[in-house]
Amino acid sequence: MATNITFHPGSVSAEERSQLLNQKGITIWFTGLSASGKSTIACALEQHLLHLHKFTYRLDGDNIRFGLNKDLGFDEKSRNENIRRIGEVSKLFADASCVTLTAFISPYRADRAVARELHEKAGLAFIEVFVDAPLHVVEQRDPKGLYKKARAGEIKDFTGISAPYEAPENPEVHIKTDECDVTEAVSRITEYLSQKGFI
């Protein structure tokens, strides 16, 4: 990190921003295997919260790799950096009082813990949503044909096949997408946010 830099604080406090926007910032971190339903649920939740007039924005794993993270691959080091960057970006959004939805496989517990710690050190809320579907279910879904390619050896370092996925041990919300639909998932997350005073 550069040493000739100085943090320049703004003139609006977090409390003032939250009061003026009439909401608190939070990052809702969706994690799970490819095809588990992370992006689908995040899209539906984003729409639902916007209809409740909540400032909400979704950061999606594939989309981010078209721009901010287009220089990263899928080896372990690149995955670590991918999640580090998103942890920092989502923290900025949450600091702006945005309900920030991140939909990333984020396979490593340590990386997700770093993202959580970034938020907690800044006094920002962070909740982990484990979008859980068994491997045989996501392989059947396989909307992008990625599991088939991974099984054929055409994709290396593919999470769940040739690279590990470390499931959350204590997620705030656990959604089993082989047992519930998108509407129910959105309802459960919304109920959690309401109970905790975020919406």
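Residues numbered from 1 in each chain as written. Predicted model: local features only at pLDDT ≥ 70, side-chain atom pairs only at ≥ 80, totals over all residues. Heavy atoms only, no water.

Which residues make up helix α2 (residues 38-51), and what are the values?
Under the 1.5 Å per step criterion, the end-to-end length of α2 is 20 Å for 14 residues, consistent within 8% with the ideal 20 Å. Among the residues of α2, those classed as buried are Lys38, Ile41, Ala42, Leu45, Glu46 and Leu49. Each buried residue of α2 sits inside an arc of 135 degrees when the element is viewed along its axis, so together they form one side. Exposed side of α2, more than 90 degrees from the buried face: Gln47 and His51 are the residues found there. (Helix = DSSP H or I, 4+ residues; strand = E, 2+ residues; numbered from the N terminus. Expected span 1.5 Å × (residues − 1). Buried < 20%, exposed > 50% of the residue type's maximum accessible area, 1.4 Å probe, protein only. Arc of directions from axis to C-beta.)

Can you break down the pairing of strand β1 (residues 26-31) residue by residue, with the values?
Among the 6 residues of β1, 6 are classified as buried, and the element is accordingly described as predominantly covered. Neither face of β1 is open: one carries Ile26, Ile28 and Phe30, the other Thr27, Trp29 and Thr31, and all of them are buried. As paired elements, β1 and strand β3 (residues 99-103) share 5 bridges and run parallel to each other. Its bridge partner being in β3, Trp29 is matched across the sheet by Thr102. In this structure, β1 lies alongside strand β4 (residues 125-132), joined through 6 bridges in parallel fashion. (Pairing = 2+ DSSP bridges.)

A description of the pattern of salt bridges should follow, citing residues and the corresponding values.
In this structure the tally under the stated criterion is 12 salt bridges. As a salt-bridge pair, Glu139 and Arg151 come within 2.7 Å of each other at their nearest N and O atoms. Placement of the pair is Glu139 in helix α6 (residues 135-141) and Arg151 in helix α7 (residues 146-151), with a sequence separation of 12 residues. Its relative accessible area of 26% is what places Glu139 among the partly exposed residues. By relative accessible area, Arg151 is classed as exposed at 51%. (Salt bridge = Lys/Arg side-chain N within 4 Å of Asp/Glu carboxyl O.)

Describe in detail the nonpolar core, supporting the description with residues and values.
Counting residues in each nonpolar core, the largest one holds 23 residues, and the members touching the most others are Ile28, Phe30, Val129 and Ile189. Contributions of two or more residues to this core are made by β1, α2, β3, β4, β5 (173-176) and α8 (182-195). It is α8 that contributes the most residues to this core, 5 residues altogether. Beyond its immediate sequence surroundings of up to four residues, Ile189 is in contact with Phe30, Ile41, Leu45, Val129, Val173 and Ile175. (Core = buried A, V, L, I, M, F, W, Y, C linked by side-chain atoms within 4.5 Å. Contact = heavy atoms within 4.5 Å.)

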